[in-house]
Amino acid sequence: MIRGGILAVACALLVLCILANPKAIGEKLVRKLTAGRATHTLLKFKRYYRTCDEGDIDISVATNRIIFASGDSAPSSKSSSTTSVPYHSSRGSASLRLRSADPTGAYGGTPPDTPLLTMDFKVDDVLVSSETTSLSAGSGSIYIAGTQVTEGGADAETVKSLRTSYVCKGFSLEALDDDKYHGLQFSPIITEGNGAKVHHILLYQCPEMAGDAEAASYQGRCWGDDVPLTVRRCNFGTIVAAWAIGGGPTIFPPAAGMPFGNGVENKHLLMEVHYDNFDGVNFNDSSGLRMFYTPTLRPNDVGVMYTGALPGIDIPPGEESYELNARCPTLCTTHLQEGGVKIFSSILHAHTAGRAIHASLLDSSGNFKASLGSEPYYDFNFQSSIELNVTMNAGDEIHTTCQFNTEGKSENTKFGLATDDEMCLTYLWYYPLQPKADRCIFANVDIANYELTSITDNPYDNREEGSVILPVALCENANFAVSSHLPPSQTDGDAECVKRALGGDMYLEGVGAAFDEANYMFESALDESYKMYWSYDEEEEVLSVAAKVKTTGWVGLGFGRGNMIGSDVVLGWVDDADGAYYFSDRFAKANVVPEVDESQDYWGVSVVQGSCDKDGENCNWEQAVSAEALLLSAGVSIRKLGRIGGTLWCVASFVMTFVFCLA
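Residues numbered from 1 in each chain as written. Predicted model: local features only at pLDDT ≥ 70, side-chain atom pairs only at ≥ 80, totals over all residues. Heavy atoms only, no water.

Student: Give a detailed account of the overall build of the chain, specifying residues and quantitative values.
Tutor: Looking only at helices and strands, the chain has six helices and 37 strands in total. Buried positions account for 53% of the 663 residues belonging to the chain. In the chain, of all internal contacts separated by at least 6 residues, the share reaching a separation of at least 24 is 77%. Approximately 28700 Å² of the chain is accessible, and the part contributed by carbon and sulfur atoms is 51%. (Helix = DSSP H or I, 4+ residues; strand = E, 2+ residues; numbered from the N terminus. Buried < 20%, exposed > 50% of the residue type's maximum accessible area, 1.4 Å probe, protein only. Contact = heavy atoms within 4.5 Å. Areas by Shrake-Rupley, 256 points an atom, 1.4 Å probe, with all protein chains shown as cover.)

Student: Go over the sheet that holds strand β24 (residues 368-375) with me, naming the residues and quoting the values.
Tutor: The strand order across the open sheet formed by four strands is β21-β26-β23-β24, and the pairing between neighbours is antiparallel. The strands lining the two open edges of the sheet, one partner per strand, are β21 (322-328) and β24. Ignoring which end each strand starts from, the neighbouring axes of this sheet average 15° apart. In the sheet, strand β23 (residues 354-362) pairs with strand β26 (residues 397-404) via eight bridges, with the strands oriented antiparallel. The residue bridging I357 from the neighbouring strand is C402, located in β26. (Pairing = 2+ DSSP bridges. Axes fitted to C-alpha atoms, helices over the stretch in contact; angles between N-to-C directions.)

Student: Break down the environment of A547 for me, with residues and values.
Tutor: Note on placement: A547 falls in strand β32 (residues 542-549). Judged by its relative accessible area of 0%, A547 is buried. In the structure, A547 is positioned 505 residues away from L42 in sequence and 5.7 Å away in space, judged by C-alpha atoms. Residues contacting A547, with those up to four places away along its chain left out, are T41, L42, L43, Y530 and K531.

Student: Which residues make up the sheet that holds strand β2 (residues 64-70), and what values go with them?
Tutor: Pairing is antiparallel across the open sheet formed by six strands, whose spatial order is β3-β2-β33-β34-β35-β36. Of all the strands in the sheet, the pair left with one neighbour each is β3 (90-96) and β36 (595-596). Bridge analysis of strand β34 (residues 568-574) against strand β35 (residues 581-587) gives seven bridges, and the strand direction is antiparallel. Each residue of the ladder has a partner; that of V574, found in β35, is Y581.

The analysis is restricted to geometry; functional conclusions fall outside its scope.
See the structure below:
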């Protein structure tokens, strides 16, 4: 009976040998023996910033919206165009500046080596609550969601919905001696754990605080009859510093600094902090800005100008892409000095309905001169500065275009201070400082209860005692027009796209050991299991990317607009059966597996596997598989080993069958 069983097994092996490919049998056998040793998958590729393919997203010099995902198992089909990709086990999104010296959003550069003095501007332990709006210091109520609400003064339904809070605090710099100083850097100081709720921080010049001790030491809400008149008048005034969620420090170039002290109006400041308490969980906050300054003056004083649209914004509900255009006309810049001013940085700003913002500098005839910043994939939670080197001359115009999405809203979205209201702004940092060049806001309707003043007038001159002006700095009343009638803004990306040949071979082979983190300029842990590496080459306009992911299934990485729909996606995996890797350039038209592009515009591609330590480091990629070879640490090709193993298998089965058949 035993002999019969062995004979049956031997005959079965012989049949398998005859019917199957010996090489494939051997490869699969070795794959099974080495299974479980790999822990990570590495995906690598290169691409141009612009590919001229409708299915690809341009790599912006500003914010890039990254989506990423991975699955625990590889697709069963060997075709890269398969739609049977297993459901993801992990996914997420992030915003990065892939073409910036500081991808986290800070304006480029570092503070000088000379010792710097520091001064902090922070709120004092503010309690932010969706149920009560009183400050922990007992100094009154905070302005929330457009409504003044004192403790116990709102019904439960109203209180539940409140999420937007504004706190203002005054500061006096009179303790400084009579010297003049230059601020060289402003860095955010965000209370630990509050990073997602501190929306923005603005520091305004407030010369009217001189001699007003109450205003200089004030902390409380920003508007209301019980708020000191001086505090109310300084809001929407001349900006000294600005920071928004997701941004880093503002570092001024070596040629300029922000003036303080003797002979300038920055001896009294008002700080405004906007909180977005989106989940209604109470928290305390002491956030603010830290200024690094020095008595060693630089050649120029820095100025800040903001322009765009505030009053009159009125966006209908249900709009997929509503475009609003705002123009700061020639009259607003005619007083600039001969030779113009140097604009070195910008921040583009909208609220949660914002999807894209573009700012352009035009000459006096309305012709495009230069981009002042472009956020084609605007992220409300990642508002950081854009480095510029643009000269604005007398008579130039500034054009700002914002695109909004109001799908899901049932009412019109209008200008306002709450997170669900909207704005459309461009903040510009420039030098040398110019008089009356701090704001130029386009409006398309008059606003009741506010006095609108021309930028050519002093907004604080000739007003009655107790009156408050919203200094929107209109250049002339003729600017009251429907903003959408203006021509759209232009960007540097409007130039004709010229299709280029790939910069190298599309697929790399046998590259398991070739990955070196040092070859990449930047890295970012997108989540605990997904690390992205990249470098950029401005001369060749090439982005090089690697993704190291804790999975032996599939890996996906995309460039898009914050979600999957409309994203440019790459997918890669190593086949479990034959060890070959598969990669494809795709485009997501819906929340399903992205379709493969007709034009594959990536090169230098490889997908390999390897074993890493528990921290995802010290990876051994020699055990990884390429399209042509699976390399073992001993340097033996698995396909060669597969041929040897498969042949031995068949020989053994034949001998066993022959012996037992003769016995």
